[in-house]
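Each chain is listed here by its residues.
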Amino acid sequence: AHDIHIIGGGLAGSEAAWQLAEAGYRVRLSEMRGGGDMTPAHQGDTLAEMVCSNSFRSDDGDSNAVGLLHREMRTLGSIIMREADATKVPAGSALAVDRDLFSGGVTNALANHPNITIVRERIDTLPSEGMTIVATGPLTAAGLASSIGEATGKDALAFFDAIAPIVYRDSIDMDIAWMASRWDKVGPIGDGKDYINCPMDKEQYHAFVQGLVDGDKTEFKDWEKDTPYFEGCMPIEVMAERGPETLRFGPMKGVGLDNPRTGRWPYAVVQLRQDNALGTLWNMVGFQTKLKHAAQVELFRTIPGLEKAEFARLGGLHRNSFIRSPELLDQQLRLKSAPHIRFAGQITGCEGYVESAAIGLVAARFAAAELGGRTLPPPPPETALGALLGHITGGADAASYQPMNVNFGLFPPLAEDVRKKDRKLGYTQRAGTALAEWMKAAEGVAA
Ligand code: FAD
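These figures come from a predicted structure and were not determined experimentally.

Caption draft 1: Up close: the overall build of the protein. Each helix and strand counted, the protein has 12 helices and 17 strands in total. Radius of gyration (C-alpha) of the protein: 23 Å, near the 22 Å computed for a compact globule of 447 residues. In the protein, which comprises 447 residues, the proportion classed as buried is 54%. Across the protein, contacts joining residues at least 24 apart in sequence account for 68% of those joining residues at least 6 apart. Accessible surface, the protein as shown: approximately 19500 Å² in total, 52% of it carbon and sulfur. One way to put it: in the protein the 45 positive side-chain charges average out to a point 2 Å from where the 56 negative ones average out.

So this is what it looks like as C-alpha cells:
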C-alpha cells in the first residue's frame, strides 16, 4: 500500500519521492529503466541519471539565479543537492559532479528509505484514481505520452525542435535599436510600438548571413534524424543556406519599419518580442537555431544594438515533449481536468536538471500538504522556486509557451533606484527573506 504514486525516477521524480518519504508518506516510484525499457538519451538504470552534461551550473547563490535555486533547495532538504554536494568535482564556480557517483548516491538513498518502494515498470496510462505525480521527463515513453495527450486535449502535448534565443532587455542598446511594430500597427493590447528593432545595412546583413552559413552547428543524434522541423520553426541557418535573400524576405524583412534615426526602412532587421509579463526578457523573433552556443553568442553580438547582449537562453535544437502547463495546470501543479494528478519536472516546461528537480520538490511539498488535509501556498515569486513555478503555472502566454531555465528575468523587478552592480545581490537577498517567511508560514500549515 502506498499514499502516492510517482511515475518516473529522473531528476524530478527522485526529488519528489524523497521529499514525500521524509514527510512520512509511503511512495511507490515507478521507473521503466531497469525493467526492460530505455529512453533515447539515458545510458543506464540508475535514478536521477544526468543525460548530457555533468553540471548543475553556477553554484553562486549571491549573484546567479540557478545558484540561488541550489541554495533554496538545500534549505528544503533536497536529496539532489545533498548527493551533488557529496560527489562534486572541480569546476570553478559551477557545481559539477561525478555523474555515476551522483546518480548511484540518489539511487541508494531512495532504495534504503523505508517509505519508498522502487518498482521497475513502465506505466502506459494515467492512473484514473489515487494521488499521482507524473515526472516522466522530455522523453516520456510513447504510451503514456498519448494517454497524457488524450487527457489534456489533442494538441496539448507540444513538440518542438528549435528554440530561439532570449535576451535580457537591459542589455540591449536602445541608442541603436528602437521600438516599433511593422506599419505602426496597433494590436489588441499594444500601442503600435511592440517590438524592439535592430537595424542592419546591406554590408552588415550579408556578412551576417555568411556567418550563419559558416557557423559551427550541432549535429543530429541518430534518433533525432527522423524528427521533422516543427512547422514554422525552421532554424535560421537552414534558411540562410537557401540563398542570401531568403532571410530578408522572411524574419529579417525591414519593410514598414521606419527607423527614427534615418527616417527610412532598414535594409534588414532583427526583431525582438517581449517574452514575459514583466518585460524583462525579449526573444529574437524567428531566430531558432542549432548553431553551437559559443557561435551564437559571437554572431548575434555582431547585430547592431546587441553588441553587449546577455542571453537568458540560447537557441537550441532537441526533441522534447512538454505540456501547455499555464493552461492545463492549477497553481498547485495539478491537472485541472483530473486534480489527483500532478506534473513535475521538465514535462511541465522548465528546462535543466536543477529546475526539474526543483519542480519535483515543490510538487511533492504541495502533495504532502494535501495528503495531510491542508493546502500549502506556492513559494513567493521573489524566490527562485516561486519565480520558476510562476513561469509554469501563470507567467507565460500558453500559446507560445516554451521551456525555460531559471533566470532573474522571471523575478519581479527590483526598485528602479537599485544600481546595476547591486541588482543580482538585491534579487538573492530579497529571495532569502521571502523564502524564510514562506517556510514559517508553511510550518503553520504543517502544524
Ligand atoms: P528525466 O530526468 O528524463 O526523468 C524521467 C524519467 O522517467 C526517466 O528516468 C525515464 O526513464 C522515466 N520514464 C519515462 N516514461 C516513463 C513511463 N511511461 N513509465 C515509467 N518511467 C518512465 N539538462 C541540463 O541541465 N543539462 C544538460 O546538459 C541537459 N542535456 C539534455 C540532453 C538531452 C538529449 C535531453 C533530452 C535533455 C537534456 N537536459 C539537460 C534536460 C534534462 O532532460 C532535464 O534537465 C532533466 O533530466 C529532466 O528531469 P526530469 O526528471 O523531468 O526527466
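Caption draft 2: Expanded view of the side chain of Ser58. Among the secondary structure elements, Ser58 is positioned in strand E3 (residues 55–58). Looking at Ser58, its side chain comes within polar contact range of the main-chain nitrogen of Asp60, at 3.0 Å.

Caption draft 3: How the structure looks around the environment of Ser325. Looking at where Ser325 falls in the secondary structure, it is placed in helix H9 (residues 325–328). For Ser325 and Gly250, which are 75 residues apart along the polypeptide, the C-alpha to C-alpha distance reads 30 Å. Setting aside anything within four residues of it in sequence, one finds Ser325 in contact with Thr348, Ile392 and Tyr401.

Caption draft 4: Fine view of the sheet that holds strand E12 (residues 268–274). Taken in spatial order, the 6 strands line up as E10-E11-E12-E13-E9-E14 in an open sheet, and their pairing is antiparallel. On the outer flanks of this sheet lie strand E10 (178–180) and strand E14 (311–313), each paired with one strand and no other. Going from strand to strand, the sheet's axes swing by 40° on average, the running direction of each strand aside. Where strand E11 (residues 195–200) meets E12, 5 bridges bridge the pair, whose relative direction is antiparallel. Within E12, the position partnered with Pro199 by the bridge is Val269. Packed onto the sheet, helix H6 (residues 202–214) meets E11 and E12 and runs at close to 95° relative to E11.

About the thresholds
- Residues numbered from 1 in each chain as written.
- Predicted model: local features only at pLDDT ≥ 70, side-chain atom pairs only at ≥ 80, totals over all residues.
- Heavy atoms only, no water.
- Helix = DSSP H or I, 4+ residues; strand = E, 2+ residues; numbered from the N terminus.
- Rg over C-alpha atoms; globule rule 2.2 N^0.38 Å.
- Buried < 20%, exposed > 50% of the residue type's maximum accessible area, 1.4 Å probe, protein only.
- Contact = heavy atoms within 4.5 Å.
- Areas by Shrake-Rupley, 256 points an atom, 1.4 Å probe, with all protein chains shown as cover.
- Lys, Arg positive; Asp, Glu negative; His and termini not counted.
- Charge placed at Lys NZ, Arg CZ, Asp CG, Glu CD.
- Polar contact = N/O pair within 3.5 Å; in protein donor to acceptor, adjacent residues only side chain to side chain.
- Pairing = 2+ DSSP bridges.
- Axes fitted to C-alpha atoms, helices over the stretch in contact; angles between N-to-C directions.

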